[in-house]
Amino acid sequence: MNDNGTSKHRPPTDGRRPDPAQGTAHVQDRGPTAPKTPGPGPWERHLAPSADTPSAERADVPSPERRPGTLTDATPKSEGAAPPPPTGSLVALVGYARPHWRVLLLSLVLTLLASVSGLVQPKFAQAILDRLDDGGSVVTPVALLAAFLVAGALLTGLNAWLQQRTSERVVREVRRGLVHRLIRLRVAELDRRAPGDLIARVTSDSTLLKSAATEGLIMTVNGVLTFAGALFMMATLDARLLGVTLLVLTMVGVVITVILPRIKAAVARSQASVGAVGAVLDRTLGAARTVKANGAEGRETRTAEDAVDEAYAAGLVGARYSALVTMVGGAAIQTAFLVVLGVGGTFVAHHSMSVSELIAFLLYVFFLASPVSQLVGGAAQLQQGLGAVGRIQEAGALPVEDDIDATEPAHTPAHAAPPAVELTGVEFTYPGRAPALRGVSFTVPGGTRTALVGLSGAGKTTLFSLLQRFYEPTAGTIRIGDQDIAALPRAEVRRRIAYVEQDSPVMAGTLRENLLYAAPSATREQLAEALAVTRLDGLLARLPQGLDTPVGPRGVTLSGGERQRLAIARALLRRPQVLLLDEATAQLDARNEQALGELVARTAGRCTVLLIAHRLSTVTDADQIVVLEHGDVRAVGTHHSLVDDDDLYRELAATQLLAAEPAEHRVSAASTGTSAVNAP
Ligand SMILES: Nc1ncnc2c1ncn2[C@@H]1O[C@H](COP(=O)(O)OP(=O)(O)OP(=O)(O)O)[C@@H](O)[C@H]1O
C-alpha cells in the first residue's frame, strides 16, 4: 500500500494451484472440503445411468459439442461430427417399471388369462366339429366358448386400464425426477446445454418411455408366453407340423431381430432432433426482440425447420422399419398357414392326421398371429422406449448441486456484524478457455462497499459466480467471515449472499411474490420500507391490484429500471450478510440511480457490499475500488488514490467522468474525483 492508499497487486505465492491430474476440477466439488451428501433418492436411481451406459454418454464427461447461444448448437446440421444420440439398455428400461411390478404382474396375469381364453377356442371349435360329426350335443362347448369370449373381453378392458394407469405413473415419476434434477443443475452444466433440449427430455422423451416401460414390456412378455402356450397346444396335436411351423417362424425371427435395433437408433435420432427444435425455439423466443430487430425470423425458422425435418426423416426411417417388422410378422403367419395346410393336407391324405386335428392346428397357426403381433408391436415399442431412455438417463445423470437439499442451512444471527470477504489466490478457467481469473487476492472489510471495475471481460462477473459457488475456483480460497465457502453447503453460502444480476428476471407470480421470493417471513413494514427505498411505491400505485398484480411474462410487463429496482428490493428484504450488485443500476435513470446509490451506501453499514460498475460515477465514493485487468487485480485503492496512481483507472475516469465537462476543468477534476455526475 502506498501513501495514497493504493496497493499494486502482486499475485500470492501460497494460493492453491490447479492439479493437472484433475482435468475438470474447476467445475467439480473440492474433494475433502465438499460437504458429504446423501445418496440418490429412489427416482434418482432410475435416472442415473446404468452401468452399461458408455462413458462417452455420461454427463460428467465434458461434451464441448453442445454450447448454448450459438446458431448451430443444437441444430441437426451440426450433428454431422457429433456423436450419435445415446440409446438406453433394456435393463434400464425395466428399472423404470420395477417399482410397479405388482400391478404389472397382475396385468400380465390378466393378459395371459385373456390370451388363454383365446388359446382354448380352437379346442372348443374342434370339440364342436367332432360332436357335429358324431351327432352329439354342442350346447356345452358352445356355452363354454361364449363364456370364454365374454371373460376375455372383460379381462382385456380391465387390463388396458391397469396398464395405462401404470404408464401414467411411470411418466409422472420420470418427469418429477427430471424436473427435480434439471432445476438443480450446476451453472457450469447449464452454460453448456441448450435448455430447449433438456425440456424436450421431460416433455417428449418421457412420453415414449411411458408406454414402453409398461405396455411394451407386458406385450412382449405376454407375446412370449402365449406364443409358447400355442406351440405347446400345437405339439399336442401334431409334433411334425409344429416343426414345420417353427422352421418358418425362426427364419422370420432372424429378419426381425436384425431390423429392431434400427428402430431404436432412428427413435434416438428423432428425439435428439425434437430436442434440437426445442433448443432453437427456446433461444429464438427468448431473444425475440433481437431476432425481429435483425430481421432474422427467416433464418431462425429455417434452423428450426431443419431440425423438424431431421426429426421427420428419422421418424420416417423408424416408421419404415416398424412397418417392415409388422409386414414380416404378418407374412410369417400367412406363410406358416400355407405350408402347414400343404404338409398337413398330405398327412390327412395319408391318414396320419384327422381333418379336425388339421383344422384345430390351422386355427392355432392363425392364433399365433396374436402373440406374434404382440411380440412385434411390443418389441417395436421397447425399441422406441430405449431410444428415449438413453436421453432421459443422460439428462438424469448431469451433475447437480446436491448439497442444496442435503443440508439444512445454519441459522445466521440477525444482528451479527457484517463479515469480511477475503479472496486469496483465486484462479478460474472456463472449460476450453484461457484463464478468466489468475490468482486474485483482495479483502473487502466487513460492512464496507467495494467496487470492481475494469474493462469488459476482465473477470468481474466470474468473480461473483465464484463467490456464490456457481463455479468452483481451480485454485485459491474465498472466505466469508472466518469460513471458507468451499466448506459450506451451497445453500448456506447463497443464504448469506443476495445477488442482483445485470438483467434481473421477473419470476412468475405477483409483485408481492416476487418481492418475498426468498424472504417469505418479511413483515408488512419491511415490505413497505423496501418499496419506498427502491422507489417502487410509485409503480405500486399504478398497478391495478397493487402488490397482488401478476407481473412478468403472464402479467404486467415491467421496464428494465423497474425490474432492477424490484431485484434490489428483493435482495434487501433477504437481509443478507453480503450484497452483490452486478451493474444493478445500469438501467436506471439518473435520479433513481443516485437515490439507489445512496441507498446502497447506507446499506453497507448493515452488510458487506461488492458492486460491479462500468459507470465510475456510481462508485467514486466507494470505500475501496479493485481494478481488474485480464483476470488479475491490477490495483486496489480509493477513487482519489487510483486516479493518481493507476493509468488504466485514470484513463477510465478521464473518459467517463469528465467527458461532459468543460476542458479547462478536466485535469483538476480528475485528481479531485469530482464530476458532473457526482458533484454535490
Ligand atoms: N460461461 C462462460 N463460459 C465460457 N467463458 C466465459 C463464460 N462467462 C465468461 N466467460 C469468459 O470469461 C472471461 C471473463 O468474463 P466476465 O463475464 O467475468 O468478464 P466481466 O469483467 O464481467 O465482463 P463485462 O464487464 O463485459 O460483464 C471473458 O473472456 C469471457 O468471455
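Residues numbered from 1 in each chain as written. Predicted model: local features only at pLDDT ≥ 70, side-chain atom pairs only at ≥ 80, totals over all residues. Heavy atoms only, no water.

Chemist: Please give an account of the nonpolar core that cites residues and values.
Modeler: Met234 and Phe361 are the most contacted members of the largest nonpolar core, which totals 38 residues. Mapped onto this core, the elements with two or more residues apiece are helix 7 (195-237), helix 8 (239-286), helix 10 (297-349), helix 11 (355-367) and helix 12 (369-396). Looking at which domains feed residues into this core, each of domain 1 (85-238 + 354-400) and domain 2 (270-352) gives three or more. Ignoring any residue separated from it by four or fewer positions in sequence, one finds Met234 in contact with Leu242, Thr245, Phe361, Tyr364, Val365 and Leu368. In terms of nonpolar packing, the next biggest core, distinct from the first, is built from 31 residues, Ala188, Leu423, Ala436 and Leu467 among them. (Core = buried A, V, L, I, M, F, W, Y, C linked by side-chain atoms within 4.5 Å. Buried < 20%, exposed > 50% of the residue type's maximum accessible area, 1.4 Å probe, protein only. Helix = DSSP H or I, 4+ residues; strand = E, 2+ residues; numbered from the N terminus. Domains from an automatic or database assignment. Contact = heavy atoms within 4.5 Å.)

Chemist: If you had to explain the site of the ligand to someone new, which residues and values would you point to?
Modeler: Taken together, 15 residues lie near the ligand, and Ser456, Gly457, Thr461, Thr462 and His614 sit nearest. Contact between the ligand and Gly459: an oxygen atom at 3.0 Å from a main-chain N or O atom of the residue. Contact between the ligand and Thr462: an oxygen atom at 2.5 Å from a side-chain N or O atom of the residue. Relative to its unbound accessible area of 630 Å², the ligand is 72% covered by the protein chains. Counting residues per element, the shell around the ligand draws most heavily on helix 14 (residues 460-467), which supplies three residues. (Near = heavy atom within 4 Å. Polar contact = N/O pair within 3.5 Å; in protein donor to acceptor, adjacent residues only side chain to side chain. Areas by Shrake-Rupley, 256 points an atom, 1.4 Å probe, with all protein chains shown as cover.)

Chemist: Lay out the domain arrangement of the protein chain in plain terms, naming residues and giving numbers.
Modeler: Entries for the protein chain in the domain assignment read domain 1 (85-238 + 354-400), domain 2 (270-352) and domain 3 (421-656). Measuring from the centre of the C-alpha atoms in domain 2 to the corresponding centre in domain 3 gives 51 Å.

Chemist: Provide a residue-level description of the environment of Pro195, including the pertinent values.
Modeler: Tracing the sequence through the fold places Pro195 in helix 7. Each C-alpha atom, one on Pro195 and one on Val280, is 9.5 Å from the other, the two residues being 85 residues apart in sequence.

Chemist: Lay out the UniProt feature "domain: ABC transmembrane type-1" (unreviewed entry) in the protein chain in plain terms, naming residues and giving numbers.
Modeler: Here the UniProt-annotated "domain: ABC transmembrane type-1" (unreviewed entry) positions come out as residues 105-384. Helix makes up 92% of residues 105-384 and strand 0%, with an end-to-end C-alpha separation of 22 Å. (UniProt positions renumbered as here; feature names shortened; annotations may be inferred.)

Chemist: For the pattern of salt bridges, give the residues involved together with the corresponding values.
Modeler: Scanning the entire structure with this criterion turns up 21 salt bridges. For Glu189, the salt bridge goes to Arg193, with nearest N and O atoms at 3.2 Å. Arg193 matches Glu189 in its accessibility class, with the two residues each being buried. The shortest N-O distance in the salt bridge between Arg634 and Asp646 comes to 2.9 Å. Of this pair, Arg634 sits in strand 13 (residues 632-637) while Asp646 sits in the loop between helix 21 (639-645) and helix 22 (647-657), and the two are twelve residues apart along the sequence. By relative accessible area, which is 24% here, Arg634 ends up partly exposed. Its relative accessible area of 0% is what places Asp646 among the buried residues. Connected through salt bridges with shared partners, the residues Asp197, Arg201, Asp205, Arg391 and Glu394 form a single ionic network. (Salt bridge = Lys/Arg side-chain N within 4 Å of Asp/Glu carboxyl O.)

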